[in-house]
There are 2 protein chains.
Amino acid sequence: MTLQEQLTELARQARAASRTLALLTTDEKNRCLRAMADALERETAALLEANRRDMEAATAAGLRPAMLDRLRLDEKRVAAMARGLREVADLPDPVGRILEERVRPNGLRLRKVAVPIGVIVIIYEARPNVTADAAGLCFKSGNATILRGGREALHSNQLIAQILVSAGREALGDRFPMQAIQVVPTTDREAIPILLSLTQYVDLCIPRGGEGLIRAVAECSRVPVIKHYKGVCHVYVDGEADPDMAEQIVLNAKCQRPAVCNAMETLLVDRRIAPSFLPRIGRALAARKVQIRACPAALETLRSLQSDPPLELRPATEQDWYTEYNDLILNVRVVDGVREAITHINNYGSAHSDAIVTCNEQTAQEFLAGVDAAAVYWNASTRFTDGGEFGMGAEIGISTDKVGARGPMGLEELTTYKWIGYGQGQIRT
Amino acid sequence: MTLQEQLTELARQARAASRTLALLTTDEKNRCLRAMADALERETAALLEANRRDMEAATAAGLRPAMLDRLRLDEKRVAAMARGLREVADLPDPVGRILEERVRPNGLRLRKVAVPIGVIVIIYEARPNVTADAAGLCFKSGNATILRGGREALHSNQLIAQILVSAGREALGDRFPMQAIQVVPTTDREAIPILLSLTQYVDLCIPRGGEGLIRAVAECSRVPVIKHYKGVCHVYVDGEADPDMAEQIVLNAKCQRPAVCNAMETLLVDRRIAPSFLPRIGRALAARKVQIRACPAALETLRSLQSDPPLELRPATEQDWYTEYNDLILNVRVVDGVREAITHINNYGSAHSDAIVTCNEQTAQEFLAGVDAAAVYWNASTRFTDGGEFGMGAEIGISTDKVGARGPMGLEELTTYKWIGYGQGQIRT
């Protein structure tokens, strides 16, 4: 069998499994998920052994320590995967929700009902825990998954999937669709463009990882892709902001967890408040070892700042405004009010999460309406863009796209809908 | 300027216009739409003159009569375009709807609000009326449009867009975004792949037309595409169907308007009812000059049918089951109950519209749950899949995709959403 034939068969089986999976009851799906969680814990020793093989090969291949850390499984991480599956079991079933209902003048009753999307390809990098997390969310939402993790994690991923499928089979017997959770059984790079050309069997691709991976997937895919793209998030401190609140939000958005996509990368400060606010926030950022890349006006104000430790300061380049640092580095720009802030954000941002701090409601409304992003905040940190914080329970990622889901993607965002028409013999005249 | 530069500039201006358009009030948009309708009627003579140039060139180029008819504008068609714009003005504004609202335990209030998608490229074939219809729907839903019609309709399309934009400008003055409605000013085929590579400025492409056009667009696009693909629709007549109702629905689904996408292409008949139902429906179809392509069992039953005129009958090929005839041709297959019907539909159908006729509720539920299509009907004709029939007022098409909109796409389906977080200084801990 060629790779093309092998993957076509895999996808065809996923499509067939998705038909069975879509018809399972909530209780059946939850029983499977809990059995899967138990099985992962029971098989911890085998999982750590498979992972050890991946780790050894990756170490021999010279993988960077940060990547090795992502690849590593330990008892705590296996327990976390199991816990994740149990949490997904506890969430409401997103399938079957009645989204709309209407009766037409001819008596035809129309219902818009949430249904699974079908077959979802998930492409991700080193972390093997994504295998269990993504499979669990897709399973609960009635979707078959084809998982393609990092090449270095293949043994770990294959064993995780095998444990999940065996446990489902044990819980449900013949009714369990064995091909509903599959790991692509090769590290061949050609597998991705082949899989993403199978529009007859694959409904959606969700890539998770760095910008390079996501761009490469979007570039080659013939199936719809929902991108979980970079987060170049902004906080705009308006001239009418409460300075204490502004300082709290800026420090939280930048420093609480700088490596995540909803952390702030650029601080915009209204020219009216810049002379007082910039030195204050400059000292607070210096104390947290945040480096600043500043526009000329901010540079001018901050250059003579006295702080301990001293502020690391340099001029921002044009490219800096587009950059997701994921680190203790912050762009700072002085703007002429909310309109210039909106223009900057729509021009340089990644349509992820942006916040305004102001006491002026009209200014806030202008910002919330004008900024084109998945999430916009008034007097709150950008860090809230997260499935858990939004009350979705768990998320498969945060979409920066507009078609399909936008913002945090939980179980409901892994469904589509169908229209059901209930008639009594209606025909069209 | 190269074509690439020219189209990039056009798309960049569309993006800028979309920002202004998104902020117009409902009243402002409706005033523009009504002014546009008036202007189209006022400029009828000029429109017919521009269309005459297109018609002459198309006739000289040997365009087929059916295509020439689609290209032709007359006073009635201009009036219909104007009426369409007024109807869109009368529809509720889909922007600003609050789709969800929740308050988190930390007091953060989250609202999911409908917003325009942004910039939409519409690609279509000969009919110039699509220019006004699509521009009107996109404008009302706050989206800038880039219109690419058939090459033979360029003069007509350019003048329509020019009239719409001038009217909007007159109605709203400086607040009207002049680049919100643009026609691609070239017939160069290269324009389409270039436009559909401009992911920074274009949010969505909606192709309208034949299978070839839609496949070509989907193949080359780097922006999301919502496909309005072929309709291979089915009616399954169950063993427990009311034969009178079944006959009415079958005749309606096939014959009322055979050229449209929600017309039936394949009739599936339960083996239990085939001996009585097939001769009956065969005679009714023969009377309406419908040709039949039948499976062996149906062929066997229908071969000796006495009817006037005689039934045109031939064996169905494998390819026939996949075919959208858009004509008075019908595939007929005898199946072993609802499960085989579901399997046939999911295998050969185009996930558009499928119906079951039965008095057995359990059988109906199995069908409605098992068939994976945008619209499924119990005891009603497939012909109801339509924006007007669904109460949406107007539609830009019927999506056979699952990501983004599914089924009829009206104004609401031309919006996406953003999350708005209203805080009092909340930070993440």
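Not measured: the values here are computed from a predicted model.

**Topic: the sheet that holds strand β6 (residues 204-207) of chain A**
Residues and elements named next belong to chain A.
Right, on to step 1. Pairing in this open sheet of four strands is parallel, and the strands run β5-β4-β3-β6 from one edge to the other. The sheet terminates laterally at β5 (181-183) and β6, the two strands that pair on one side only. Within the sheet, the average angular offset between the axes of one strand and its neighbour, ignoring direction, is 20 degrees.
Right, on to step 2. One ladder, built from five bridges, connects strand β3 (residues 119-123) with strand β4 (residues 144-148); its direction is parallel. Looking across to β4, one finds that Val121 is bridged to Ile146.
Right, on to step 3. Its contacts with the sheet place helix α1 (residues 3-21) against β3, β4 and β5, and it is angled at close to 145 degrees to β4.

**Here we look at unusual backbone geometry**
All names here are of chain A.
Right, on to step 1. Across the junction of Asp308 and Pro309, the peptide omega takes the value 0 degrees, indicating a cis bond.
Right, on to step 2. Relative to the elements of secondary structure, Pro309 occurs in the loop between α12 (296-302) and β10 (313-315).
Right, on to step 3. At Asn379, a position not held by glycine, the phi torsion is positive, near 55 degrees.
Right, on to step 4. Judged by relative accessible area, which is 7%, Asn379 ranks as buried.

**Points about the interface of chain A and chain B**
Right, on to step 1. With 73 residues of chain A at the interface, the matching set in chain B holds 73 residues.
Right, on to step 2. Here chain A meets chain B over a buried area of about 5,900 Å², counting both sides, of which 49% is carbon and sulfur.
Right, on to step 3. Of all residues in chain A, Arg222, Trp419 and Arg428 of chain A bury the most surface against chain B, accounting for 14% of the area lost on that side.
Right, on to step 4. Taken together, the connections running from chain A to chain B amount to ten salt bridges.
Right, on to step 5. A salt bridge links Arg19 of chain B to Asp372 of chain A; its shortest N-O distance comes to 2.8 Å.
Right, on to step 6. At the junction of chain A with chain B, the criterion picks out 44 residue pairs in polar contact (both at pLDDT 80 or more).
Right, on to step 7. Within the residue set of the side of chain A that touches chain B, elements represented by two or more residues are α1, β1 (98-103), β2 (109-116), α9 (211-220), α10 (243-255), α14 (361-370), β13 (375-380) and β16 (415-426) of chain A.
Right, on to step 8. A total of eleven residues in the side of chain A that touches chain B trace back to one element, the largest contributor, which is β16 of chain A.
Right, on to step 9. Of the residues assigned to the side of chain A that touches chain B, the class counts are 33 nonpolar, 21 polar and 19 charged.

**What to know about the packing of aromatic side chains**
Right, on to step 1. Per the stated rule, a full pass over the model turns up twelve aromatic pairs over all chains.
Right, on to step 2. Taking the centre distance of 6.3 Å and the plane angle of 15 degrees together, the rings of Tyr236 of chain A and Phe367 of chain A count as stacked. Highlighted residues: Tyr236 of chain A in strand β7 (residues 233-237) and Phe367 of chain A in helix α14, separated in sequence by 131 residues. An identical accessibility class is assigned to Tyr236 of chain A and Phe367 of chain A; each is buried.
Right, on to step 3. Aromatic ring contacts, followed pair by pair, group Phe390 of chain A together with Tyr417 and Trp419 of chain B into a single cluster.

**A look at the side chain of His344 of chain A**
Residue and element names in this part refer to chain A.
Right, on to step 1. Secondary-structure assignment places His344 in helix α13 (residues 337-348).
Right, on to step 2. Residue classification places His344 among the buried residues on the basis of a relative accessible area of 3%.
Right, on to step 3. Sequence-distant contacts of His344, defined by excluding residues within four places in its chain, comprise His234, Thr266, Leu268, Trp321, Arg333 and Gly349.

**A short note on the pairing of β6 of chain A**
Residues and elements named next belong to chain A.
Right, on to step 1. Here β6 shows a buried face lined by Leu204 and Ile206 and a second buried face lined by Cys205 and Pro207.
Right, on to step 2. Sheet topology places β3 next to β6; four bridges connect them, and they run parallel. Considered in β6, the bridge of Ile120 is made with Leu204.

**Side note on the relation of the copies chain A and chain B**
Right, on to step 1. Between chain A and chain B, which share one sequence, the superposing operator has a rotation angle of 180 degrees and an axial displacement of 0.0 Å; the RMSD is 0.0 Å. The relationship between the two copies is best expressed as a two-fold rotation axis. Taking C-alpha positions as the reference, the residue of chain A nearest the rotation axis is Gly404 of chain A, at 2.1 Å.
Right, on to step 2. Comparing interface residues between copies, 100% of those in chain A also lie at the interface in chain B; the contact surface is shared.

**As for the UniProt feature "domain: Aldehyde dehydrogenase" (unreviewed entry) in chain A**
Right, on to step 1. Following the UniProt record, one finds the feature "domain: Aldehyde dehydrogenase" (unreviewed entry) at residues 4-290 of chain A.
Right, on to step 2. Along residues 4-290 of chain A, the helical share is 52% and the strand share 15%, with 49 Å between the first and last C-alpha atoms.

**Concerning helix α5 (residues 75-90) of chain A**
All names here are of chain A.
Right, on to step 1. Compared with an ideal rise of 1.5 Å per residue, which puts 16 residues at 22 Å, α5 spans 23 Å between its outermost C-alpha atoms and is within 8% of the ideal.
Right, on to step 2. Buried within α5 are the following residues: Val78, Met81, Ala82, Gly84, Leu85, Val88 and Ala89. One side of α5 carries all its buried residues, which in axial view fall inside an arc of 150 degrees. Away from its buried face by more than 90 degrees, α5 exposes Glu75, Lys76 and Asp90.

**Remarks on the environment of Val332 of chain B**
Residues and elements named next belong to chain B.
Right, on to step 1. Mapping Val332 onto the fold places it in strand β11 (residues 329-335).
Right, on to step 2. Residue Val332 is classed as buried on the basis of its relative accessible area of 1%.
Right, on to step 3. Here the alpha-carbon distance between Val332 and Gly231, two residues 101 residues apart in the chain, equals 16 Å.
Right, on to step 4. Non-local contacts of Val332, meaning those with residues more than four positions away in its chain, are made with Leu267, Leu278, Ile292, Arg293, Ala294, Cys295, Ala298 and Trp321.

**Some thoughts on the confidence of the model for chain A**
Right, on to step 1. Overall, the prediction assigns chain A a mean pLDDT of 96, with 100% of residues at 70 or greater.
Right, on to step 2. The ipTM for the predicted assembly is 0.95, set against a pTM of 0.96.

**Here we look at the pattern of salt bridges**
Right, on to step 1. One pass over the structure, following the stated rule, counts 74 salt bridges over all chains.
Right, on to step 2. Between Arg34 of chain B and Asp90 of chain B there is a salt bridge; the shortest N-O distance is 2.8 Å. Separated by 56 residues along the polypeptide, Arg34 of chain B in helix α2 (residues 26-42) and Asp90 of chain B in helix α5 (residues 75-90) bring together distant segments of the chain.
Right, on to step 3. Its salt-bridge partner being Arg339 of chain B, residue Glu366 of chain B comes within 2.6 Å of it at the nearest N-O pair. Taken together, the positions of Glu366 of chain B in helix α14 (residues 361-370) and Arg339 of chain B in helix α13 (residues 337-348) put the pair 27 residues apart, joining distant regions of the chain.
Right, on to step 4. Residue class for Arg339 of chain B comes out exposed when judged on its relative accessible area of 60%.
Right, on to step 5. Through salt bridges with shared partners, a single ionic network connects Arg15, Arg19 and Asp203 of chain A together with Asp372, Lys402 and Arg406 of chain B.

Thresholds applied
- Residues numbered from 1 in each chain as written.
- Chains lettered and ligands numbered in written order.
- Predicted model: local features only at pLDDT ≥ 70, side-chain atom pairs only at ≥ 80, totals over all residues.
- Heavy atoms only, no water.
- Pairing = 2+ DSSP bridges.
- Helix = DSSP H or I, 4+ residues; strand = E, 2+ residues; numbered from the N terminus.
- Axes fitted to C-alpha atoms, helices over the stretch in contact; angles between N-to-C directions.
- Contact = heavy atoms within 4.5 Å.
- Buried < 20%, exposed > 50% of the residue type's maximum accessible area, 1.4 Å probe, protein only.
- Buried area = accessible area lost by both parts, 1.4 Å probe.
- Salt bridge = Lys/Arg side-chain N within 4 Å of Asp/Glu carboxyl O.
- Polar contact = N/O pair within 3.5 Å; in protein donor to acceptor, adjacent residues only side chain to side chain.
- Nonpolar A, V, L, I, M, F, W, Y, C, P; charged D, E, K, R; others polar.
- Phe/Tyr/Trp six-rings, centres within 6.5 Å; stacked < 30°, edge-to-face > 60°.
- Least-squares fit on C-alpha atoms with pLDDT ≥ 70 in both.
- UniProt positions renumbered as here; feature names shortened; annotations may be inferred.
- Expected span 1.5 Å × (residues − 1).
- Arc of directions from axis to C-beta.
- pLDDT = per-residue confidence, 0-100.

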